[in-house]
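Coordinates in review
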Amino acid sequence: MSKAIAVFTKAPLPGRVKTRLRTCMSAAQAAELHQAFVADTWRRLTVPTGVRRYLYCDQAWEPFEELAGRERFAIQHGVDLGARMINCMKELSLRRHDRILLLGSDSPTLPIAHVEQAFMALDRTDTVLGPTADGGYYAVGCRRPDTRMFADVTWSSEDTLRETEAAFRACSLSVSFLPEWYDVDTEAELARLASDPGVPPNTRRWLDRNPDVMKAVY
């Protein structure tokens, strides 16, 4: 078996990331928070042994290429999120990875145990999903990508997880589920993050530098 993790993210451009948090922070602060999340997520993933890491960004972004290294940095391509994810999975499959996990960059406190559990799940099922409370998911994995895996999925909705599971089963793919975790997209989730004992260093520094934001959130 050859295991791969792809961190799926966007370039931290003000006004294009963490837009739902603009109620309590500026576009520049939101971009800095997003960049901290990506850096912390990437560095946390050094823990699982025998796993190859990749960073898939929506566009060229030199700081992220430096973070990941040229050989592990790639640009997403596709007309929507589903197409971008399936193209990523196909690329990693061509690199001879047969246990592929895609992670978002919005869960900087995600326990490494959940990542390890995802790969164990892929030993017995075709796919795996890590659900979030808002109806989406923080992780999706497979053994062999199928071009129909994300057909008719409504993205960024309370039905995203349910529709993805249905699409997997329509492809005759078995599905496992990881423990629920949380993305940080809203003020309530940012408050939860601030009280999480597992906050990693870059994110912690952002929280410490922006007490005005945290005061507004609380």
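Attention in this report is confined to the structure presented alongside it. Note that the coordinates shown come from a computational prediction; the quantities given were computed from them, not determined experimentally. (Residues numbered from 1 in each chain as written. Predicted model: local features only at pLDDT ≥ 70, side-chain atom pairs only at ≥ 80, totals over all residues. Heavy atoms only, no water.)

**Brief notes about the nonpolar core**
One recurring pattern in soluble globular proteins is that nonpolar side chains are buried together. M25, L55, L101 and L190 are the most contacted members of the largest nonpolar core, which totals 45 residues. Among the nonpolar cores identified, the runner-up in size contains 27 residues, and A4, M149, F150 and F168 belong to it. (Core = buried A, V, L, I, M, F, W, Y, C linked by side-chain atoms within 4.5 Å. Buried < 20%, exposed > 50% of the residue type's maximum accessible area, 1.4 Å probe, protein only.)

**So, the pattern of salt bridges**
Scanning all chains against the criterion turns up 13 salt bridges. The partner of K18 in a salt bridge is D106, with the nearest N and O atoms 2.4 Å apart. Taken as a pair, K18 in the loop between strand 1 (3-9) and helix 1 (27-44) and D106 in the loop between strand 4 (99-104) and helix 4 (112-121) lie far apart in primary sequence, 88 residues in all. One salt bridge connects D126 with R144, and the closest N-O pair in it is separated by 3.9 Å. Of this pair, D126 sits in the loop between helix 4 and strand 5 (127-131) while R144 sits in the loop between strand 6 (137-142) and helix 5 (160-170); the two residues are 18 residues apart in sequence, bridging distant segments of the chain. Among the charged side chains, a salt-bridge network with shared partners connects K18, D106 and D185. (Salt bridge = Lys/Arg side-chain N within 4 Å of Asp/Glu carboxyl O. Helix = DSSP H or I, 4+ residues; strand = E, 2+ residues; numbered from the N terminus.)

**Quick look at the side chain of H34**
Residue position: H34 is located in helix 1. Within the structure, H34 has its side chain in polar contact with the side chain of T9 (distance 3.2 Å). (Polar contact = N/O pair within 3.5 Å; in protein donor to acceptor, adjacent residues only side chain to side chain.)

**Remarks on the sheet that holds strand 2 (residues 51-57)**
In a beta sheet, neighbouring strands pair by backbone hydrogen bonds and run either parallel or antiparallel. In spatial order, the strands read 3-2-1-4-6-5-7; together these seven strands make up an open sheet with mixed pairing. Only two strands of the sheet have a single neighbouring strand rather than two, namely strand 3 (73-75) and strand 7 (175-177). Across the sheet, the mean angle separating the axes of adjacent strands is 20° when strand polarity is ignored. Inspection of the sheet shows strand 4 paired to strand 6 by four bridges, in the antiparallel sense. Within the sheet, the bridge partner assigned to I100 lies in strand 6 and is C142. (Pairing = 2+ DSSP bridges. Axes fitted to C-alpha atoms, helices over the stretch in contact; angles between N-to-C directions.)

**Remarks on the packing of aromatic side chains**
Tallied over the entire structure, the rule returns four aromatic pairs. The interplanar angle of 50° and the centroid separation of 5.9 Å between the aromatic rings of F150 and W155 together place this pair among those described as tilted. A relative accessible area of 8% means that F150 is categorised as buried. Between F150 and F168, the ring centres sit 5.8 Å apart and the planes meet at 65°, which makes this aromatic pair edge-to-face. You can see F150 sitting in the loop between strand 6 and helix 5 and its partner F168 sitting in helix 5, a full 18 residues away along the chain. (Phe/Tyr/Trp six-rings, centres within 6.5 Å; stacked < 30°, edge-to-face > 60°.)

**A few points about the pairing of strand 6**
Within strand 6, six of the six residues are buried, which leaves it mostly tucked inside the rest of the structure. Alignment of strand 5 against strand 6, held across five bridges, turns out to be antiparallel. Note that in strand 6 the partner of T127 across the bridge is C142. Linking strand 5 back to strand 6 in an antiparallel pair, the connection comprises five residues, with G135 at a positive phi of about 95°.

**Observations concerning the pairing of strand 4**
Of all six residues in strand 4, five are buried; the element is thus mostly enclosed. Strand direction decides the pairing type here: strand 1 and strand 4, joined by six bridges, are parallel. Bridge pairing in strand 4 links V7 to L103.

**Brief notes about the state of the cysteines**
According to the stated counting rule, one finds zero disulfides in the structure shown. No disulfide involves C88; its sulfur sits 9.3 Å from the nearest other cysteine sulfur, which is in C142. Judged by its relative accessible area of 1%, C88 falls in the buried class. Of the residues examined, C142 reaches a relative accessible area of 0% and is grouped as buried. (Disulfide = S-S within 2.5 Å.)

**Concerning the environment of D40**
Position of D40 among the secondary structure elements: in helix 1. We classify D40 as buried; its relative accessible area is 3%. Taking C-alpha positions, D40 is 6.2 Å from P108, a pair spaced 68 residues apart along the chain. There is a polar contact of 2.8 Å between the side chain of D40 and the side chain of N202.

**Quick word on the environment of V79**
Here V79 lies in the loop between strand 3 and helix 3 (81-94). Judged by its relative accessible area of 80%, V79 falls in the exposed class. Between the alpha carbons of V79 and L110 there is a distance of 28 Å; along the sequence they are 31 residues apart.

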